[in-house]
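Survey of secondary and tertiary structure
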Amino acid sequence: MELNELVGIPTETVYGLAANALNEEAVIKIYRAKDRPSFNPLIIHLPSISAIEPYAVLDPISEKLAHAFMPGPLTLLLNKKDIIPDLVTANSKKVAVRIPQHPLTLKLLDLLNFPLAAPSANKSGYVSATSAQHVIDGLGIDIAYVLDGGLCDVGLESTIVEVVENAVIMHRIGAISAEEIALVSQLKVIDPAKSDSPVTPGQMKSHYATNVPLYIGNIEAMIQEHPTKNIATISFNKSYDGLINGHQYVLSPNGDINEAAQHLFAVMRLIDDFHFDIILTERFPNEGLGRAINERLERAQAIHK
Ligand code: TXA
Ligand code: MG
């Protein structure tokens, strides 16, 4: 294998499309394979907190967060050191750093003497991949290998935070909640959508989108509005009456929000493959990972509005 090839890697959140972060030729291949705009920077993946030092500056609060949540579904925006190519950070002085909680990928990272730049392993704007097969389905021709680490545990992308003066900016919600970040950092947590701090370049309004139009609302009422359509529904724990043409996907019959999160992207991809006319879904309980699910569904809906 050449040193500038792309490899699919499992993490506990979603699969990554990985390459040597210090090799610009390899990093360019990531942007090309994903059709990703060059202004949208990449996360670098490392095996341990002590491995961060050559690449980024770990300020005291970020260090606290790292010790509390890494390895795990948290990404920290840190001041970058010169060794990280500007291509990786899209010319930002900050680099996104993550230590994934997956035995196979931690072992791989341990063997390497460079970080892996890895965005989610999907075409830009499409639903993230939570199995090795998803990676092959979307990007197969562009990658040398996929490490098959099974189904991702969490199923939604990492929480992204940035420690600024007297506050922490939450750029993306994921399995680590704002409350947990506030508790460990002892700082106020700011949602950039509700403040004038810059929004993360990748957090575009439409994202995670299926090709089939997706709508969020009261599923029963929406079924009545579309009598002739071939409908797929995605619900939390209940199925609904009145669906003649279609199929219901219940993400967690036992009402476990973590299980629902784990299955969401796989179900969205499945529905796309079966060519339904529309996807009807509902707001999930707005707590824990339910908040991240709702945020992803809203972005998936935005493209069709
Ligand atoms: O769970 C995850 O974070 C997965 C796994 C593979 O680690 N990765 C992932 O990468 O979701 P991606 O590229 O799909 O999303 C990364 C987000 C993007 O919204 C990007 O704009 C933001 O992180 N980001 C990366 N570097 C940044 C930087 N220097 N400044 C601001 N935002 C940054
Ligand atoms: Mg992504």
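Thresholds applied
- Residues numbered from 1 in each chain as written.
- Chains lettered and ligands numbered in written order.
- Predicted model: local features only at pLDDT ≥ 70, side-chain atom pairs only at ≥ 80, totals over all residues.
- Heavy atoms only, no water.
- Buried < 20%, exposed > 50% of the residue type's maximum accessible area, 1.4 Å probe, protein only.
- Helix = DSSP H or I, 4+ residues; strand = E, 2+ residues; numbered from the N terminus.
- Arc of directions from axis to C-beta.
- Near = heavy atom within 4 Å.
- Polar contact = N/O pair within 3.5 Å; in protein donor to acceptor, adjacent residues only side chain to side chain.
- Areas by Shrake-Rupley, 256 points an atom, 1.4 Å probe, with all protein chains shown as cover.
- Nonpolar A, V, L, I, M, F, W, Y, C, P; charged D, E, K, R; others polar.
- Axes fitted to C-alpha atoms, helices over the stretch in contact; angles between N-to-C directions.
- Parallel < 35°, antiparallel > 145°, perpendicular 65-115°, else oblique.
- Left-handed = near helix turned anticlockwise from the far one by under 90°.
- Contact = heavy atoms within 4.5 Å.
- Pairing = 2+ DSSP bridges.
- Salt bridge = Lys/Arg side-chain N within 4 Å of Asp/Glu carboxyl O.
- Domains from an automatic or database assignment.
- Buried area = accessible area lost by both parts, 1.4 Å probe.

Quick look at helix H5 (residues 132–139) now. All buried positions along H5 are accounted for by Ala-132, His-134, Val-135 and Leu-139. An end-on view of H5 places all buried positions within 160° of arc, on one side of the element.

In the neighbourhood of ligand 1, 25 residues make up the surrounding shell, with Thr-13, Asn-40, His-45, Arg-98 and Ser-158 lying closest. Between ligand 1 and the protein, one listed contact pairs an oxygen atom with a side-chain N or O atom of Asn-40 at 2.6 Å. Between Arg-98 and ligand 1, the recorded distance is 2.8 Å, taken from a side-chain N or O atom to an oxygen atom. Expressed as a share of its isolated accessible area of 680 Å², the protein-covered part of ligand 1 is 96%. Those elements that provide at least two residues to the shell around ligand 1 are strand E3 (43–45) and strand E6 (94–98). Top contributing element to the shell around ligand 1 by residue count: E6, with three residues. Residue classes in the shell around ligand 1 are distributed as eleven nonpolar, nine polar and five charged.

Glancing now at the packing of helix H8 (residues 257–273) against helix H9 (residues 289–302). A pair of packed helices is captured by two measures, namely the crossing angle of their axes and the spacing between those axes. With their axes 9 Å apart at the nearest point, H8 and H9 run at an angle of 20° to one another. The angle between the axes of H8 and H9 places the two elements in the roughly parallel class. Regarding H8 and H9, the two cross each other, and that crossing is left-handed. Residues Ile-257, Asn-258, Ala-260, Ala-261, Leu-264, Phe-265 and Met-268 of H8 lie in contact with H9, whose contacting residues are Leu-289, Gly-290, Ile-293, Arg-296, Leu-297 and Ala-300.

Turning to the sheet that holds strand E12 (residues 214–216), a few remarks are in order. What the four strands build is an open sheet, ordered E12-E15-E13-E14; its pairing is parallel. With partners counted over all chains shown, the strands left at the sheet margins are E12 and strand E14 (246–250), one partner each. Mean inter-strand twist for the sheet, computed between neighbouring axes without regard to direction, equals 20°. In this structure, strand E13 (residues 231–235) lies alongside strand E15 (residues 278–281), joined through four bridges in parallel fashion. Of the residues in E15, the one forming a bridge with Ile-231 is Ile-278. Each of E12, E13, E14 and E15 touches H8; the most contacted strand, E13, lies at about 180° to it.

Right, let's talk about the pattern of salt bridges for a bit. Between side chains of opposite charge, pairing is possible as soon as their charged atoms come close. Inspection of every chain in the model, using the stated rule, returns ten salt bridges. Arg-296 is the partner of Glu-295 in a salt bridge, and the nearest nitrogen-oxygen pair spans 2.7 Å. By the burial criterion, Glu-295 is buried, and Arg-296 matches it.

Let us now look at the domain arrangement of the chain. Taken domain by domain, the chain comprises domain 1 (7–190) and domain 2 (214–302). Of note, the centres of domain 1 and domain 2, computed from C-alpha atoms alone, are 28 Å apart. Counting the surface lost from both domain 1 and domain 2, the interface buries some 1,600 Å², and carbon and sulfur atoms represent 57% of this. Its largest share of buried area at the contact with domain 2, domain 1 owes to Val-127, Leu-156 and Ile-173, together 36% of the area lost on that side. For the pair domain 1 and domain 2, the interface holds two salt bridges. With a closest N to O distance of 2.7 Å, Arg-296 and Glu-157 form a salt bridge. Our enumeration of links across domain 1 and domain 2 arrives at nine residue pairs in polar contact (both at pLDDT 80 or more). Here the residues of the side of domain 1 that touches domain 2 sort into eleven nonpolar, six polar and four charged.

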